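Tertiary structure, described
What follows is the residue order along each chain.
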Amino acid sequence: MIEKNALLKALGEGIVVVTFTKKDGTERVMECTRSPQLIPLEQSPKGETQEVTEATDNIRVFDIQAQGWRSFNYSSLKG
């Protein structure tokens with residue numbers, strides 16, 4: 001599995017396809033990014049952005065397909 005810092009770096013530079021297990025137990029594949037250049041201006045974060053810390057493994061990303069913000073838990077990442 002990719003290391004958390006490497007994943008965050010890749011998300012900040014472009015589109016990443018992640019596979020993870022949702023809270024309901026189903027598997028989800030998502031094309032996502034955290035790169036400001038790839039997020040529509042009207043969807044850009046306003047104010048502070050949520051950073052990932054050791055205390056929380058939630059990673060907030062922009063879903064390219066759904067054109068909206070989503071999050072997933074790093075510990076549920078499969079690929």
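In this text the structure is predicted, and so the values were computed from the model without any measurement. Throughout this document, residue positions are counted from 1 along each chain, in the order its sequence is written. Only residues with pLDDT of 70 or above have their local features reported here, since the model is predicted, and side-chain atom pairs are shown and tallied only from 80 upward, although totals for entire chains, interfaces and linings are computed over all residues. The side-chain quantities take in all heavy atoms of the structure and omit both hydrogens and water.

1. Digging into the overall build of the protein
Along the protein, the regular secondary structure elements total one helix and four strands. Tracing the protein from N to C terminus, the helices and strands come up as α-β-β-β-β. Categorising residues by exposure relies on relative accessible area from a 1.4 Å probe, with only protein chains included: less than 20% of the type maximum marks a residue as buried, more than 50% marks it as exposed, and the intermediate range marks it as partly exposed. The buried share of the protein, reckoned over its 79 residues, is 33%. By the convention used here, residues are in contact when the closest approach between their heavy atoms is within 4.5 Å. A separation of at least 24 residues holds for 50% of the contacts in the protein among residues at least 6 apart in sequence. About 5100 Å² of surface is accessible on the protein, with carbon and sulfur atoms providing 50% of the total. Only runs of H or I of at least four residues qualify as helices and only runs of E of at least two qualify as strands under DSSP, and these elements are numbered from the N terminus. Using a 1.4 Å probe, the Shrake-Rupley method yields the accessible areas, and only the shown protein chains count as cover for residues.

2. Structural notes on the side chain of Ser-76
One can find Ser-76 in the segment after strand S4 (68-73). For Ser-76, the residues in contact, after removing those within four places along its chain, are Thr-19, Phe-20 and Thr-21.

3. Topic: unusual backbone geometry
A positive phi angle, near 55°, is found at Gln-67, a position not held by glycine. Tracing the sequence through the fold places Gln-67 in the loop between strand S3 (58-63) and S4. On the basis of relative accessible area, Gln-67 is assigned to the partly exposed category, the value being 39%.

4. Examining helix H1 (residues 4-13)
Buried within H1 are the following residues: Lys-4, Leu-7 and Leu-11. When H1 is viewed along its axis, its buried side chains cluster within an angular range of 60° and face the same direction. Among the exposed residues of H1, those oriented more than 90 degrees off its buried face are Asn-5, Lys-9 and Glu-13. The elements touched by buried residues of H1 are strand S1 (16-21), strand S2 (27-33), S3 and S4. By the N-cap criterion, in which a side-chain oxygen at the helix start approaches the backbone nitrogen of a residue two or three places on, H1 is capped by Glu-3, the distance to Asn-5 being 3.0 Å. What the arc measures is the spread of directions leading from the helix axis to the C-beta atoms. We define a polar contact as two N or O atoms separated by no more than 3.5 Å, with the added condition that, inside protein, one atom must be a possible hydrogen donor and the other a possible acceptor, whereas residues neighbouring each other in sequence contribute only through side-chain atom pairs.

5. Some details on the pairing of S3
By this definition, two strands are paired if DSSP reports at least two bridges between them. Where S2 lies against S3, two bridges are found, and the strand directions are antiparallel. For Cys-32, the partnering residue across the bridge sits in S3 and is Asp-63. In this structure, the hairpin formed by S3 and S4 is closed by a connection of four residues, where Gln-67 is found at a positive phi of approximately 55°.

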